[in-house]
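Tertiary structure, described
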Amino acid sequence: MSFDDVYAAYKQYINPPLARFMKLAGATVETTAHGVRITDENGKSYLDFCGGYGVFTLGYLHPKVVAAVREQLDHMALSSRVFFNAKTAALAQELARIAPGDLEISFFSNSGTEAVEAALKTARLSTKRTKIVATHNAYHGKTMGSLTATGRDVFKDSFKPLVPEFNHVAFGDLDELDRALPGAAAFIVEPVQAEGGVMIPPDGYLRGVRELCDKHGALFIADEVQTGLGRTGYVWGVDHDRAVPDILTVAKGLSGGVIPIGATISRPDVWTRAFGHAPLIHTSTFGGNPLACTAGLAALRVLEEEHLVARSRELGAYMLDRAGELMARHPDVIAEVRGRGLLVGVELTNEGYGGVIIPECLKLGLTAAYTLNQQKVIRLEPPLIVTKTEIDEALTLLGQGVTKAKEKLGELARTS
Ligand code: PMP
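Residues numbered from 1 in each chain as written. Predicted model: local features only at pLDDT ≥ 70, side-chain atom pairs only at ≥ 80, totals over all residues. Heavy atoms only, no water.

1. Quick look at the overall build of the protein
- Broken down by element type, the protein carries 15 helices and 15 strands.
- For the protein, the C-alpha radius of gyration of 21 Å lies close to 22 Å, the compact-globule estimate for 416 residues.
- Principal-axis analysis of the C-alpha atoms gives the protein an extent of 70 × 55 × 45 Å.
- Taking all 416 residues of the protein together, the buried fraction comes to 53%.
- Accessible surface, the protein: about 18,200 Å² in total, of which carbon and sulfur atoms supply 56%. (Helix = DSSP H or I, 4+ residues; strand = E, 2+ residues; numbered from the N terminus. Rg over C-alpha atoms; globule rule 2.2 N^0.38 Å. Buried < 20%, exposed > 50% of the residue type's maximum accessible area, 1.4 Å probe, protein only. Areas by Shrake-Rupley, 256 points an atom, 1.4 Å probe, with all protein chains shown as cover.)

The following block contains the structure:
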């Protein structure tokens, strides 16, 4: 299919306004991807610093994950659901081993939002309470429960009425949380608000959350769909504060970017109170399928063997420094840079800059994207296998993109 055919099909059969927007932003047709690079139909190579918004922790097509998946395909792809499956069992066991504290029981699904839905339902059922507290500016997904927890009105308003009894408090504010928690089933929070613009809470915040949840008998749900498995330079984002939640959600990077998977990991007592007498009250046909679990097992092995968590911390600090240098050169365009591990946000002085910088970067061979809740922030979220040289290259391209954007906007101002 030529670009025109693909574009026409997107416009007619998928999402016309999104197709137009992507074309304007300079998107071509992707064909292959390996490591940190994507190749398009014209053979042009792009350094991928979107990283699938956190999916490609191991880069594209990590050979060990691909080999494991290929091997599994010769045996079984999806589960019969009648028999036990060893791959599902092994991944659950592995997650229990690496999960914080005594979190141990995994409910498997296929995406981040499903992992969050399961967490919210587990919390309600386990506590026999209904109120959920979340944070302004959070992103938890777009199915009804997750959407209600999400803290951005533009995604929510058109779908009201949403799920009742959700409150939102300021991210990082323990006093407000203390006032909101009485009677709540749970508080759901991201260790770092990724889609919120890479917002980092004060040190010790998550330990404070733990204490307040204990004080009020509410459960602490850590949404690690984006921060989990090394992204922030820790295995889990909560590890930065040495905090242990009651329920943790993970998805995106869990299968190394090869097969979609999500998991909701709970403390055994929390899970048992919810599902101990009703094992089929929340289920998923595809969740925990052997193909995805095989990919997950291989991905977790690679994460350890290649020391990617330490690498994320070290190279993340380097990337943040380089982004800081860029800010020093362009203080008129870049207001702030912040990050934890290989999740860095570049906050622009004006939302309008992003709309020019991102397409310019794409032309230069670098993918970059806004964070979903904050169009003023460009995220840099490369695979954890990225090298220093690739970070240097990306930051050079981003600098060129900023310069080009300034020229373009300057021209526009002169001619208008
Ligand atoms: N939670 C968090 C923290 C996320 O970042 C995202 C996706 N950006 C989700 C949930 C939803 O994940 P999905 O798009 O796979 O449903």
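2. Let's talk about the domain arrangement of the protein
- Split by domain assignment, the protein resolves into domain 1 (3-61 + 307-415) and domain 2 (63-305).
- For domain 1 and domain 2, the distance between their C-alpha centroids amounts to 27 Å.
- Together domain 1 and domain 2 conceal approximately 3,000 Å² of surface at their shared face, both sides included; 55% is due to carbon and sulfur atoms.
- At the surface where domain 1 touches domain 2, the tally comes to three salt bridges.
- Linking domain 1 with domain 2 are 22 residue pairs in polar contact (both at pLDDT 80 or more), by the criterion used here.
- Within the residue set of the side of domain 1 that touches domain 2, elements represented by two or more residues are α3 (51-54), α13 (308-329), β11 (334-340), β12 (343-348) and β15 (374-380).
- When residues of the side of domain 1 that touches domain 2 are assigned to their parent elements, the largest contribution, four residues, is made by α13.
- Of the residues belonging to the side of domain 1 that touches domain 2, the class tally is 15 nonpolar, twelve polar and five charged. (Domains from an automatic or database assignment. Buried area = accessible area lost by both parts, 1.4 Å probe. Salt bridge = Lys/Arg side-chain N within 4 Å of Asp/Glu carboxyl O. Polar contact = N/O pair within 3.5 Å; in protein donor to acceptor, adjacent residues only side chain to side chain. Nonpolar A, V, L, I, M, F, W, Y, C, P; charged D, E, K, R; others polar.)

3. As for the layout of surface pockets
- Of the voids in this model, the second largest pocket is the one considered here, and its volume is about 800 Å³.
- Around the second largest pocket, the lining is made up of 22 residues, and of these Arg 81, Thr 88, Ser 106, Phe 107 and Gly 287 lie nearest the centre.
- Contributions of two or more residues to the lining of the second largest pocket are made by α5 (86-98), β4 (105-109) and α11 (268-275).
- It is β4 that provides the largest number of residues to the lining of the second largest pocket, a total of four residues.
- Of the residues that constitute the lining of the second largest pocket, the class distribution is eleven nonpolar, ten polar and one charged. (1 Å grid on protein atoms, 1.4 Å probe; cavity = no way out; pocket = protein on both sides within 12 Å on 5 of 7 lines; lining within 4 Å. Points joined across faces, edges and corners; volume = space filled by probe spheres on them.)

4. Some thoughts on α13
- For α13, with 22 residues, the first-to-last C-alpha span of 31 Å sits near the 32 Å given by 1.5 Å per residue.
- Within the sequence span of α13, burial applies to Leu 308, Val 309, Ser 312, Leu 315, Gly 316, Met 319, Arg 322, Ala 323, Gly 324 and Leu 326.
- Where the residues of α13 are buried, they touch α12 (290-305), β11, β12, β15 and α15 (388-415). (Expected span 1.5 Å × (residues − 1). Contact = heavy atoms within 4.5 Å.)

5. Thoughts on the packing of helix α6 (residues 112-127) against α11
- Between α6 and α11, the least distance of the axes is 7 Å, while the angle of their chain directions is 80°. Accordingly, the angle class assigned to the pair α6 and α11 is roughly perpendicular. For the pair formed by α6 and α11, the contact residues are Thr 122, Leu 125 and Ser 126 on the first element and Val 270, Arg 273, Ala 274 and Phe 275 on the second.
- In terms of residue class, the contact of α6 with α11 is built from four nonpolar, two polar and one charged. (Axes fitted to C-alpha atoms, helices over the stretch in contact; angles between N-to-C directions. Parallel < 35°, antiparallel > 145°, perpendicular 65-115°, else oblique.)

6. Quick notes on the sheet that holds strand β1 (residues 30-34)
- Spatially, the four strands line up as an open sheet ordered β1-β2-β3-β13, and their pairing is mixed. Two strands lie at the open edges of the sheet, namely β1 and β13 (366-367), each paired on one side alone.
- Here strand β3 (residues 45-48) runs beside β13; their pairing, made up of two bridges, is parallel. Considered in β13, the bridge of Leu 47 is made with Leu 366. (Pairing = 2+ DSSP bridges.)

7. Comments concerning helix α14 (residues 351-364)
- The end-to-end C-alpha distance of α14 is 21 Å, a good match for the 20 Å that 14 residues give at a rise of 1.5 Å each.
- Residues Tyr 353, Gly 354, Val 356, Ile 357, Ile 358, Pro 359, Glu 360, Cys 361 and Leu 362 constitute the buried set of α14.
- The backbone nitrogen of Gly 352 lies 2.7 Å from a side-chain oxygen of the residue at the head of α14, namely Asn 350.

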